[in-house]
Amino acid sequence: MSKLPPAEKLPLTLRKNIRDEWDNKKSDIEKQLSDVLTTSWTVDVNPNQLYAYATDGYAKESLGSCIAKLRDYADNGGEEDLKELNTICYAHVITIDLDDAKRFSYCGVDVYEGKLRILFAPGNLGVNIDDALNRDALFKALNDAPAPPSTASTLSFAARRDIRKEYEPKAEAIRSQIAEALDKPDIKINPNFEDTFAKLQEGSKAKKTEIRSDWDSVLGSFTRLYFEGFVSQLKYQKFDEDDMLREGFHEMVEKGEIAFRIVDKLKYESYCECEIEDGVLYLQCTSKYWGTNIESAAQGLLSRL
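Along each chain, residue indices are assigned from 1 in the same order as the chain's sequence is written. At least 70 in pLDDT is required for a residue's local features to be given in this predicted model, at least 80 for side-chain atom pairs to be given and counted, and no such filter applies to totals for whole chains, interfaces and linings, which use all residues. To get the side-chain values, take all heavy atoms of the structure and skip hydrogens and water.

Caption draft 1: Representation of the overall build of the protein chain in the model. Helical segments are the DSSP runs of H or I of at least four residues, strand segments are the runs of E of at least two, and each set is numbered from the N terminus. Within the protein chain, the secondary structure is distributed over twelve helices and eight strands. Radius of gyration: over C-alpha atoms. The globule rule applied is 2.2 Å multiplied by the number of residues raised to the 0.38 power. Relative to the globule expectation of 19 Å for 305 residues, the C-alpha radius of gyration of the protein chain, 26 Å, shows a markedly less compact shape. Dimensions along the principal axes, computed over C-alpha positions, put the protein chain at roughly 90 × 40 × 30 Å. In this scheme, a residue with accessible area under 20% of its type's maximum is buried, one over 50% is exposed, and one in between is partly exposed, where area comes from a 1.4 Å probe on protein chains only. Buried positions account for 49% of the 305 residues belonging to the protein chain. In the protein chain, 64% of the contacts between residues at least 6 apart in sequence involve partners at least 24 apart. Of the roughly 15,700 Å² of accessible surface on the protein chain, a fraction of 46% belongs to carbon and sulfur atoms. The positive charge centre, built from 41 side chains, and the negative charge centre, built from 54, are 5 Å apart in the protein chain. Whether two residues are in contact is decided by their heavy atoms: any pair within 4.5 Å suffices. For the area figures, the Shrake-Rupley method with a 1.4 Å probe applies, and any residue is considered shielded solely by the protein chains shown. Working convention for charge: Lys and Arg count positive, Asp and Glu count negative, and His plus the chain ends are omitted. To locate a charge, take atom NZ for lysine, CZ for arginine, CG for aspartate or CD for glutamate.

Caption draft 2: Highlighting the sheet that holds strand S7 (residues 272–277). The sheet built from four strands is open, its strands ordered S5-S6-S8-S7 with mixed pairing. Among the strands making up the open sheet, the edge pair consists of strand S5 (188–190) and S7. Across the sheet, the mean angle from the axis of one strand to that of its neighbour is 20°, orientation sign disregarded. In this description, strands pair whenever DSSP reports at least two bridges between them. Simply put, an axis is a line fit to the C-alpha atoms, just over the touching stretch for a helix, and the angle between two N-to-C directions goes from 0 to 180 degrees.

Caption draft 3: Looking closely at the sheet that holds strand S2 (residues 93–98). Read from one edge to the other, the open sheet built from four strands follows the order S1-S2-S4-S3, with strand pairing classed as mixed. A strand with exactly one partner marks an edge of an open sheet, and here the two such strands are strand S1 (42–44) and strand S3 (107–112). The sheet shows a mean angle of 25° between the axes of neighbouring strands, taken without regard to direction. As paired strands, S1 and S2 are joined by three bridges and run parallel to one another. Residue Val-43 lies in a different strand from S2, and its bridge partner there is Ile-94.

Caption draft 4: Examining the side chain of Ser-221 more closely. Following the sequence through the fold, Ser-221 ends up in helix H10 (residues 219–236). Not counting the four nearest positions on each side in its chain, Ser-221 is found in contact with Asp-162 and Glu-166.

Next up, the structure:
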C-alpha cells in the first residue's frame, strides 16, 4: 500500500507533547543507545509523517511518548548479540515506519537498508509498541536481514549465535574426550558448519520440505550433540579400553579427523550413520533427518573398521 503524505501542521497540544516528551529527550535517548551499543546511533523519526496514521487514543495524544519507547530495545541481548546488531544494522539508525507489507497485526521490527525499523500496522500506531522490539522479534528481524556488505559470513544470525553459545564453548572439551578415548592427543573434529548450513537452507526452501523450521537456530547445538554422541559410542563400544580397537581405528582413520556432514543418501542406516572416506571418519545424516537419533550416528563404527 502507498504511504500517506505527512501532515502539514500538527495540533498545538500534540506539538507541545512532542516538544516535552520527544524533542527534549531525543539526544538523551540517542546517547543511551550509543552507550549500550558501544558506537554512535541516531533516531530518525518524522512526527508529521507518523501523525498521518494516528487515530484517537494513545498514539494521537501521546505520540512523543510512543516514540520515546525506542529506548526499550537496548535491554535485548548480551554483548555479542549487540555486536551482531551493530554489524547487521550497519547504518546505526533506528526509525519508525508503516508496515506496508502487512506482516504484523499491530507492530513489529525489521532491518531495511541497514536501518532498524519499528513497524506499525495501519490504524495501530502505538498499539502494543512495547512488543515491537521484544527479544524474539528482534532476533527474528536480525536473522531475516540481508547480509551486510562488510560481512563475509554465509551463516545466518541465528546460526552464528547458536554456534557461539552452544558449540564453541564446549568443542575443545569434546575433542579432548575423543582424544583420550582413542589415545590420540592431536585428533581433530570438523563441524563443517558452512556446508551443513548451505544444504539445510537449500532443503528448507523446497515446497514440501520436511526440515524442521528452526534448523539454523540449532546448527551449533545439534552439531555438538553429534560429536557428544560419538564420545558415548566410543565408550560404549570400549574403544577407551581396547588397544586393538584403537589401532584399527587409527589404521582406517589415518588423517585423525572426525567430521560431520549432510549427505543426499545414507548407505547403512535410516536416520544417521558413520562412514570412513579418504582417511576421515564422517558422522552423517540427510537433511530430512537432521537431528534425529543423534546419539546413534556412530553405532556402526566397528562395522566400518
